[in-house]
Amino acid sequence: MKRLWFAIKAVLMLIAVIVIISVYWTAAYFLSEWVYARLNWQPHPLARQLMTSILGFFLFGFSMSVIAPFIRKHEKVFWQNMMDAIQRIAQGDFRVHLPVDRENRNHPFSKLATGINDMVAQLRVMEEMRQEFISNVSHEIGSPLTSIRGFARALKNENLSREQRMRYLDIIETECVRLSKLSENLLRLTMLESNQPPFFPAPYRLDAQLQTILLRCEPQWAEKELDVGADLEKVVITADEDLLSQVWLNLIHNAIKFTPKGGRITIRLEKRGDRAVVTVSDTGPGIDQQDQHRIFERFYKADKSRHRAAGGSGLGLSIAKKIVEIHQGRISVHSRPGEGAVFTVELPLHASETAQSG
Ligand SMILES: Nc1ncnc2c1ncn2[C@@H]1O[C@H](COP(=O)(O)OP(=O)(O)OP(=O)(O)O)[C@@H](O)[C@H]1O
Ligand SMILES: [Mg+2]
């Protein structure tokens, strides 16, 4: 159908060109004949023909130069709009929207306008994300700094007892650790979100890695008198060991942090087909349904009041999710408030170097 329409259009164009040329050359013929009659001049037939042709060309060129600006008016308006839009985008104004001729979607002008509108929409989203990121970082840096300043000022009071002094110093130290953890996490996230995150897969025993990390966390879970269980199938995985250790640390730290004293944490590892499945479950407060899909976003903290005491900046799970995605895996949470949380990580047993593009 498209081809037929194209052929009809080509034939019509050809007929139009022939008609236009005939009209101009006829006009040129009569005009030159009129001039010869007025001058009472009978030139040679060859000279007549040449003169008619030259006059035909001249008439054609002249009338085209008169008509062209009217025909190209639409085009001129389009390019003017386009240049204005590009200038506004270059100045950081992402509210630009170019009109698109809906009936002529396939016309190159419509395609160009649609492309620019899509690009501006993307830039707008990125700009909003950037602003949100800056406000989150400022907030996360601001609160520990206020606390450090307050306690440093309080320490100037010479009447403080030794216990009070030590308590204030402890708080200052905790807030400093929080700040340095925040900067570490921000750097890690930036590196993971770059175009080419570091990714060096190699085969290793996943069960041994989980066991080691659990042992490494023993001081924290022992302090909270948590009952920690592990049920680890022997699994060899090809993945980036360093990156994955960050995932397990973040999940286990969360489980320890959010589970009250005397609670239970269980780590399971099993092979399902060509995938390794790790679950980290706890008997903590659980996570509300509406928060479950948001906790993997940067800086998102589900229970702000509870969180204040627990500490953290809401980056741990977004880092874990990014790493799992680099491995072409999946991370999810199942939880009901009051009934603990279960985090599940599914990873392909053989992550390839090309996986990181995802
Ligand atoms: N095991 C869990 N039980 C209950 N809530 C959890 C659990 N794990 C995560 N959450 C909720 O998800 C939020 C995001 O977790 P995430 O690990 O990203 O940040 P964080 O632990 O608050 O800070 P960070 O990991 O940067 O120190 C937490 O603030 C918490 O509200
Ligand atoms: Mg965390």
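What you are looking at is a predicted structure, and each value in this text was computed from that prediction instead of being measured.

Remarks on the packing of helix 8 (residues 241-258) against helix 11 (residues 316-326)
Between helix 8 and helix 11, the shortest axis-to-axis distance is 9 Å and the interhelical angle comes to 145 degrees. Pair helix 8 / helix 11 crosses with left-handed handedness. On the side of helix 8, the interface is formed by Leu243, Leu244, Gln246, Val247, Asn250, Leu251 and Asn254, while helix 11 contributes Gly316, Leu317, Ile319, Ala320, Ile323 and Val324. Residue composition of the contact of helix 8 with helix 11, grouped by class: nine nonpolar, four polar and no charged.

Side note on the pattern of salt bridges
The tally for this structure, following the rule as stated, stands at 18 salt bridges. As a salt-bridge pair, Lys301 and Glu140 come within 2.5 Å of each other at their nearest N and O atoms. A residue pair is termed long-range when its members are at least 10 positions apart, and Lys301 in the loop between helix 9 (289-292) and helix 10 (304-310) and Glu140 in helix 4 (residues 108-155) qualify at 161 residues. With its nearest N and O atoms 3.0 Å apart, the salt bridge here joins Lys321 to Glu325. Of the two residues, Lys321 and Glu325 are both situated in helix 11; the distance of four residues between them amounts to about one turn of the helix. The class for Lys321 is partly exposed, based on a relative accessible area of 29%.

Digging into the UniProt feature "domain: HAMP" (unreviewed entry) in the protein
UniProt records the feature "domain: HAMP" (unreviewed entry) for residues 80-128 in the present numbering. Segment residues 80-128 splits into 65% helix and 0% strand. End C-alpha atoms: 28 Å apart.

Quick notes on the rules
- Residues numbered from 1 in each chain as written.
- Chains lettered and ligands numbered in written order.
- Predicted model: local features only at pLDDT ≥ 70, side-chain atom pairs only at ≥ 80, totals over all residues.
- Heavy atoms only, no water.
- Axes fitted to C-alpha atoms, helices over the stretch in contact; angles between N-to-C directions.
- Helix = DSSP H or I, 4+ residues; strand = E, 2+ residues; numbered from the N terminus.
- Left-handed = near helix turned anticlockwise from the far one by under 90°.
- Contact = heavy atoms within 4.5 Å.
- Nonpolar A, V, L, I, M, F, W, Y, C, P; charged D, E, K, R; others polar.
- Salt bridge = Lys/Arg side-chain N within 4 Å of Asp/Glu carboxyl O.
- Buried < 20%, exposed > 50% of the residue type's maximum accessible area, 1.4 Å probe, protein only.
- UniProt positions renumbered as here; feature names shortened; annotations may be inferred.

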